[in-house]
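# Fold and geometry: a report
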Amino acid sequence: MRGSYYAICLFGFILSKRPLNPTELNHEQIHVAQQKELLFLPFFIWYVAEWLVLYIKYRDWMTAYYNIRFEKEAYNHQDDLQYLKNRKHYCYQH
Ligand SMILES: [Zn+2]
């Protein structure tokens, strides 16, 4: 999931309005990996809960969004196209 909403990944599928470049695709595929290891529904519950908690902390939706652990992992590694080959499970940043 990204701020501009041109792409979203749900239940292991990536939906996008236009073809994604390799970096964007990598970002979404990192979310797919996260969702699979959290069995999908818990991922969304955790994602939304963390966004709300961070919003209370930062009082800003976008700042909160960029600080969600799943987004941090995806943004920090989206440029590394080999990342998913070497990624460890449950390696969300704290
Ligand atoms: Zn994202």
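Scroll up to find the structure this text is about.
Overview of the structure.

What counts as what
- Residues numbered from 1 in each chain as written.
- Predicted model: local features only at pLDDT ≥ 70, side-chain atom pairs only at ≥ 80, totals over all residues.
- Heavy atoms only, no water.
- Helix = DSSP H or I, 4+ residues; strand = E, 2+ residues; numbered from the N terminus.
- Buried < 20%, exposed > 50% of the residue type's maximum accessible area, 1.4 Å probe, protein only.
- Patch = residues over 30% accessible without salt bridge, like charges linked within 9 Å, V, L, I, M, F, W, Y side chains within 5 Å.
- Areas by Shrake-Rupley, 256 points an atom, 1.4 Å probe, with all protein chains shown as cover.
- Salt bridge = Lys/Arg side-chain N within 4 Å of Asp/Glu carboxyl O.

## Thoughts on unusual backbone geometry
- In this model, Leu39 sits at a positive phi of 60 degrees, which is unusual for a non-glycine residue.
- Positionally, Leu39 belongs in the loop between helix H1 (22–37) and helix H2 (41–58).
- Judged by its relative accessible area of 63%, Leu39 falls in the exposed class.
- Its identity is not glycine, yet Phe40 carries a phi of approximately 65 degrees, on the positive side.
- By relative accessible area, which is 23% here, Phe40 ends up partly exposed.

## Re a nonpolar patch on the surface
- A contiguous nonpolar surface patch, about 300 Å² in accessible area, is contributed by Leu10, Phe13 and Leu15.
- In this structure, Phe13 sits in strand E2 (residues 13–16).
- Taking the relative accessible area as the measure of exposure, Phe13 reaches 60% and is therefore exposed.

## Focus on the pattern of salt bridges
- Inspection of the entire model under this criterion finds four salt bridges.
- The partner of Glu50 in a salt bridge is Arg69, and the shortest N-O contact between them spans 2.8 Å. Remark: Arg69 occurs in helix H4 (residues 69–77) and Glu50 occurs in helix H2; sequence separation between them is 19 residues. We note that Glu50, like Arg69, is buried.
- A salt bridge links Glu73 to Arg87; the nearest nitrogen and oxygen atoms lie 2.5 Å apart. Here Glu73, found in helix H4, pairs with Arg87, found in the segment after helix H5 (83–86); they are 14 residues apart in sequence, far enough to count as distant. When sorted by exposure, Glu73 lands in the same class as Arg87, which is buried.

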